[in-house]
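Chains, contacts and geometry: an overview
One-letter residues, chain by chain:
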Amino acid sequence: MITLYDFELSGNCYKLRLLMSILNLPYDIVPVDFFPGRQHKADWFLRLNPFGQLPVLKDDDLVLSDSGAILAYLAKKYDTSGLWFPDDPAITAEVLRWHAVADDITSTSSAARLALGYDYNFNIEKSQRGAHRIFRLMDEHLWFGEKAGRDWLCSPAHPTTADIACFPYVMLSEEGGISRQDYPALRRWTDRVRRIPGFTVMSGIFPAGPAKVD
Amino acid sequence: MPQAPDPITRNLWHVVAATDELPIGLVETTLLLDTRLALTRGSDGEPVVWLRTDEENGDEIDADSVLERLPVRTAYGYTWTCLGTPDAELFPIPEFAEPDRVNMSCGSIGIHVSAPRAVENFLDMGHFPYVHTDILGSEPHTEVKEYDVEVSEERDEVLATKCRFIQPMAAKSAVGAMEVEYVYRVPHPFCSVLYKSCPEDETRRDVIGIFLQPMTEERCRAHLLQSMIDSTSTITDLRRFQQTIFGQDKPILENQYPKKLPLDPRSETPIRADKSAIAYRRWLSQKGITYGVIPQAS
Amino acid sequence: MPLSLSDPNWYPIASSEDLPFRHVYQGQLLGRELAVWRADDGNVNVWENRCLHRGVRLSIGINEGQELKCQYHGWRYANQSAGCTYIPAHPADAPARRIENRKYPIREAFGLIWSAANDDQAYAPFPGSDGHDWFALRPMPVNATPEDVVAGLARLAPDDEPADLLPALVVRVGGVTWFVQPVDAGRAVIRGLLPEKPADELATLRHYNELLTKLRDRLERAAARKPAPEPLQPVFEKVSADLSTMPDIAVPRGNTLTVVVKRKWQSADGVIGFELADRDGKHLPTFQPGAHIDVHLPNGLVRQYSLTNGPGDLSRYVIGVKAESASKGGSKVLVETVREGDLLQISEPRNNFPLRRDATRTVLIAGGIGITPLLSMARFLDKSSLPYELHYFTRNDESAAFSSELGVLHGHVERHAGLARDAIRAKVAAVMGPYQFANHVYICGPGAMLEMVQQVAADLGWPDEAVHFEYFQNDKVIDSSSAFDVELARSAMTLHVPAGKTILETMREAGLTVPSSCEQGACGTCLTTVMEGEVDHQDVYLNKTEKASNTCMMTCVSRAKSDRLVLDI
């Protein structure tokens, strides 16, 4: 049985809820009072993850941390289609490359959000500038992707964990004072992600309306 | 340069922190009415607030060494201060003192919108199905039925009663959809308290408060209070429920513009469901509040 | 030259490919934020990015195909007109007043979407645009003043072939025409067009993207060394005074408009379809499902016809007219003498038959020509993916109108042809079933059928407020033998209504302007609040509960049982 140590307003926790919803995986939630309770720094939590970071996922006796690593684990273990984290070495590298971008988005867009909304001592302007720099590159990548008939961050015709990993803190960027007005291709990609069957929302992210059916 | 706040706003008690979350012997910094404040708690646990000079967040400090202090009051788990001459009393929430209630702060969350916009959103029921989908409302049950609004002269507060709405999951302890009844009070220009039918005891009501700290005219911090009749949920569960709700309101509030609340009736389009918001806007106008609002041109 | 909020020039604000179906693009021109969306019919809307209700950005709303839905309270705004068609907080009411979002002019050309801050200048294609198959490059947002961006583009030109600077921030360098979209005082978007599609599209796009990226970086480094200009401060237009208050009753507007009969066709045996459109091809006013228009006939009569249109379909109104030989005067004139190309006067749409969109189940029951408003309702429910079933009773298969329109609906549509009265009754009872919470039924058809369905509904425990109906006409014999006084509370006037004259006529003679339409107690236009006195209801518009409440009446046919009535007029 899977147990997720979870905080509702965390985009990193949401990545796992999102993938498990898409894969239709049942799981239990242990709510962690990250804010204002700071339970992720409590002794019991540090025993699970000495880095003191959410999310933590337990699958029977196996304890895992880091959202990107857990995404890869869930996809490799439970996605029978093999499409969310493909085995092909080149594509694996591509997906991991975007997992790294997702971490950069966390350290910029999410940092700005934590500073403005949750009283964290991060440099707001620097975080915002950093997020804009990444979003520009993503918009360009996705714009040329559309031209080449590619809908997702990586080359397969199907979304991968890379899309899941990058999605939350792109969608939550406005809470960090980062407008997405200048990134139309990025905005279209967020519509596509929100239309993946099994998609679920988190607090702060609204669903997309239905696509046109002919 | 920001405008100096109007005298009414300046003389109000304003919330600045959840008292328990203030570190003892360490500085915390914040902003109130464009003014930089520093806060800490003494070894006796009592909060101390003063005008910030060169203190930084996390500095060690002995509260006793702070001589020039701002007035402080603690109420409902929060620390309140005033930049002018405060009233003797803060508005009452008598239920808070009932012994069997679970009282808790639910975090202080910064939002990029004026405090009055956040109050108005708190008073609003029509958005439940669209913003709090499957929790406080769900399509197709979208109707806001007629309710009563008055401005109580005696208590100087806006009061909306008989507010009813069909909710799929009204509270952490709710099972299944029910029609809930709300009473909303606005006892302070930047604070509101709501009473809602309690799933566990139909003779009593859960109390949820939102206290807005106006940091600037276009930015505030929402301090949330829950005072619940709930014998089963944990504090973490209850906080999570309230934060989920507030987190859903956040992107709506931050996408509203202008960020200040316009008091001219012709700047937006009210409908009958907005009676409480209209009364609130008028009440602010009559009080002469200009901070965080766009006053009606005279 | 500093930017002006009232700049009348047209600028590109998006690429065509930025607007896939069911997406809302967030744009900005001269400081004003825009919500730009393509409807399922291909039409592109450029609106102020702000819901009139509470100022929330519409770019976080949902493009439902023919309507845009605000994320905050679910208000729906129609394609083309930007008129509000539905306010979910008050599902039983038609949005009473004309709530219309601010729109900006729009033109789609050369792979770009063009708009302007105002309507002062007609759209004209840019000089030299003729005769090319233009190819749009990837747009490049730049955080620098539009004039610095123009200057930067001009510097791309080699010395021996200087750039051409054209009006409205256009720069021609070599083969490329660059348009600078003035987003705000310190922000711009560069949009480039090539005169034809290049051989290697992707390589060309990459090449210019690289060029613009470098230019952007240079311009932004230079901009960072200068003080940032103050953003433009556009003013939001105020809503009209009648929108800022909250009237309880809709007061329909008396405006008429001239339309041309675009198409007239036999939709079924005995049913003629009419397609009415604006003479200049502009869109027609916003309507809601269930709405009707008054058609002023060539012989001076005025008749009401329901619109059959779906959401956001404002390029024409489609009505169905029953071609009954026995028809007295009205429809007969329309059927026999009005031809394609003729002009007709019509009223703006009014809605006395509003559709709630908050039902868990909606049953639509049509009899004969009564299909028209229900077709419109079905189309709205269809687009919003709400559950509904439509039962259409006709005399025979041949008299079933709008077959192709009904055929493309996704809901449960069932036709019942040639059933006898008892069979219809049994079918209706089976279809409706016992009442359940949040179920609503809508009926339109001949008087006898309406009464039958109302009876069936009552027998099955359906409350009056769940049973919605619209009569075409009042078949009852009006008894106008009583005489009484009416006191008009707001006008401070007391009038005597003699036998043989209606309250409405008496008020008109006294110089009051009172809205009315059918004047036979069927359409609901003259609905008036009753403050005192006992009403003698003779209309078919109000339901039993409403009649029993004695709080409102139709002044065109209903009278007083008491000696005196006090009306809120």
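- The name that an unreviewed UniProt entry assigns to chain B is Aromatic ring-hydroxylating dioxygenase subunit alpha, with the source organism given as Devosia sediminis.

- Chain A appears in an unreviewed UniProt entry as Glutathione S-transferase family protein from Devosia sediminis.

**Describing the domain arrangement of chain B**
All names here are of chain B.
- Domain annotation of chain B identifies domain 1 (7–81) and domain 2 (96–294).
- Each of domain 1 and domain 2 has a C-alpha centre, and these two points are 26 Å apart.
- Among the secondary structure elements, those contributing two or more residues to the side of domain 1 that touches domain 2 are helix 1 (7–10), strand 1 (14–18) and strand 2 (28–32).
- Considered class by class, the residues forming the side of domain 1 that touches domain 2 number 11 nonpolar, three polar and two charged.

**With respect to the sheet that holds strand 4 (residues 47–51) of chain B**
Residues and elements named next belong to chain B.
- In space, the three strands of this open sheet follow the order 2-3-4, with antiparallel pairing throughout. On the outer flanks of this sheet lie strand 2 and strand 4, each paired with one strand and no other. Going across the sheet, the axis of each strand differs from the next one's by a mean of 30°, ignoring polarity.
- Here five bridges tie strand 2 to strand 3 (residues 35–41), and the two strands are oriented antiparallel to one another. The residue bridging Thr-30 from the neighbouring strand is Leu-37, located in strand 3.

**Topic: unusual backbone geometry**
- Residues Phe35(A) and Pro36(A) are joined by a peptide bond in cis, for which omega reads 5°.
- Within the secondary structure layout, Pro36(A) lies in the loop between strand 2 (28–31) and helix 2 (43–48).
- Cis rather than trans, the peptide bond between Tyr257(B) and Pro258(B) has omega equal to 0°.
- Mapped onto the fold, Pro258(B) is located in the loop between helix 4 (235–254) and strand 14 (261–262).
- If you check the backbone angles, Arg38(A) has positive phi at about 50° while not being a glycine.
- With respect to the secondary-structure elements, Arg38(A) resides in the loop between strand 2 and helix 2.
- C-beta crowding within 10 Å serves as the criterion here: with 13 such atoms nearby, Arg38(A) is assigned to the partly exposed category.
- The phi dihedral of Leu169(C) is positive, around 55°, even though this residue is not glycine.
- Locating Leu169(C) in the fold gives a position in the loop between strand 13 (164–166) and strand 14 (170–173).

**Description of helix 4 of chain B**
- Taking 1.5 Å per residue, 20 residues should reach 28 Å; helix 4 of chain B reaches 28 Å between its end C-alpha atoms and fits that length.
- Across the 20 residues that make up helix 4 of chain B, a large majority, 14, are buried.

**Some thoughts on the UniProt feature "domain: GST C-terminal" (unreviewed entry) in chain A**
- When the UniProt feature table is mapped onto this chain numbering, "domain: GST C-terminal" (unreviewed entry) sits at residues 88–211 of chain A.
- Secondary structure content for residues 88–211 of chain A is 61% helix and 0% strand, and the end C-alpha separation is 31 Å.

**Quick notes on the environment of Thr506(C)**
Residue and element names in this part refer to chain C.
- Within the secondary structure layout, Thr-506 lies in helix 9 (residues 503–509).
- Using a count of 17 C-beta atoms within 10 Å as the deciding quantity, one classes Thr-506 as partly exposed.
- With 379 residues separating them in the primary sequence, Thr-506 and Pro-127 have C-alpha atoms 64 Å apart.
- Those residues within four positions of Thr-506 in sequence are excluded, and the remaining contacts are Leu-495, Val-497 and Lys-501.

Rules used in this analysis
- Residues numbered from 1 in each chain as written.
- Chains lettered and ligands numbered in written order.
- Predicted model: local features only at pLDDT ≥ 70, side-chain atom pairs only at ≥ 80, totals over all residues.
- Domains from an automatic or database assignment.
- Helix = DSSP H or I, 4+ residues; strand = E, 2+ residues; numbered from the N terminus.
- Nonpolar A, V, L, I, M, F, W, Y, C, P; charged D, E, K, R; others polar.
- Pairing = 2+ DSSP bridges.
- Axes fitted to C-alpha atoms, helices over the stretch in contact; angles between N-to-C directions.
- Buried ≥ 20, exposed ≤ 12 C-beta atoms within 10 Å, placed from the backbone.
- Expected span 1.5 Å × (residues − 1).
- UniProt positions renumbered as here; feature names shortened; annotations may be inferred.
- Contact = placed C-beta atoms within 7 Å.

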